[in-house]
Amino acid sequence: MTAVLVDALSWTFLLTGAFFAVVGAIGVLRLPDVFTRLHAAGMTDTMGAGMILAGLMLQAGLSMVTVKLIFVLLFVVVTSPLSTHATARAALHGGVQPITVEGTAGDEKGGDPSSP
């Protein structure tokens, strides 16, 4: 009974991680600017890979493979947000401006000069 429960939970993690990876890949292709694409890529790395690694840990059981997967998960959780942040800072430093909708709070620099 326990093996069936662990197997079902493992497959749930694997399928959820695959879902995040596919949605993130679609987001990287479809979103309009570099900053929203970075958000999609960051979610894919952190959530997609994290869920897949958690599912693989459940499949491996208590072994040295699980310890190695934990180290991989920690590496991904630390480096993915850092690399996304560094890429966004580099894009801002390079002069790339985020796309904003006129009249929203993020539209301080652009938009209609006659609006308050």
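Given the structure is predicted, the values throughout are model-derived calculations rather than measurements. (Residues numbered from 1 in each chain as written. Predicted model: local features only at pLDDT ≥ 70, side-chain atom pairs only at ≥ 80, totals over all residues. Heavy atoms only, no water.)

### Topic: a nonpolar patch on the surface
Moving on, step 1. On the surface, Met-64, Val-67, Ile-70, Phe-71 and Leu-74 cluster together into a nonpolar patch covering about 500 Å² of accessible area.
Moving on, step 2. Of the residues examined, Val-67 reaches a relative accessible area of 37% and is grouped as partly exposed. (Patch = residues over 30% accessible without salt bridge, like charges linked within 9 Å, V, L, I, M, F, W, Y side chains within 5 Å. Areas by Shrake-Rupley, 256 points an atom, 1.4 Å probe, with all protein chains shown as cover. Salt bridge = Lys/Arg side-chain N within 4 Å of Asp/Glu carboxyl O. Buried < 20%, exposed > 50% of the residue type's maximum accessible area, 1.4 Å probe, protein only.)

### Looking at helix H3 (residues 64-93)
Given 3.6 residues per turn, any residue in an α-helix points the same way as the ones three and four places further on.
Moving on, step 1. Compared with the 44 Å implied by 1.5 Å per residue over 30 residues, the 43 Å span of H3 between its first and last C-alpha is a close match.
Moving on, step 2. Among all positions in H3, only Thr-66, Leu-69, Val-76, Ser-80, Ala-88 and Ala-91 are buried.
Moving on, step 3. Here the buried face of H3 lies against helix H2 (34-60).
Moving on, step 4. Two residues or fewer past H3, Gly-95 is found with a positive phi of approximately 95°. (Helix = DSSP H or I, 4+ residues; strand = E, 2+ residues; numbered from the N terminus. Expected span 1.5 Å × (residues − 1). Contact = heavy atoms within 4.5 Å.)

### Some thoughts on the packing of aromatic side chains
Moving on, step 1. Within the structure shown, the criterion is met by one aromatic pair.
Moving on, step 2. Look at Phe-19 and Phe-20: their rings are 6.1 Å apart centre to centre, the planes differ by 70°, and that puts the pair in the edge-to-face class.
Moving on, step 3. Taking the relative accessible area as the measure of exposure, Phe-20 reaches 28% and is therefore partly exposed. (Phe/Tyr/Trp six-rings, centres within 6.5 Å; stacked < 30°, edge-to-face > 60°.)

### Overview of the confidence of the model for the chain
Moving on, step 1. Per-residue confidence for the chain gives a mean pLDDT of 86, with 87% of residues at or over 70.
Moving on, step 2. Averaged pLDDT values for the elements of the chain fall to 90 in H2 and rise to 93 in helix H1 (residues 2-30).
Moving on, step 3. Within the model, the stretch residues 111-116 combines pLDDT values under 50 with two contacts to residues more than four positions away or in other chains. (pLDDT = per-residue confidence, 0-100.)

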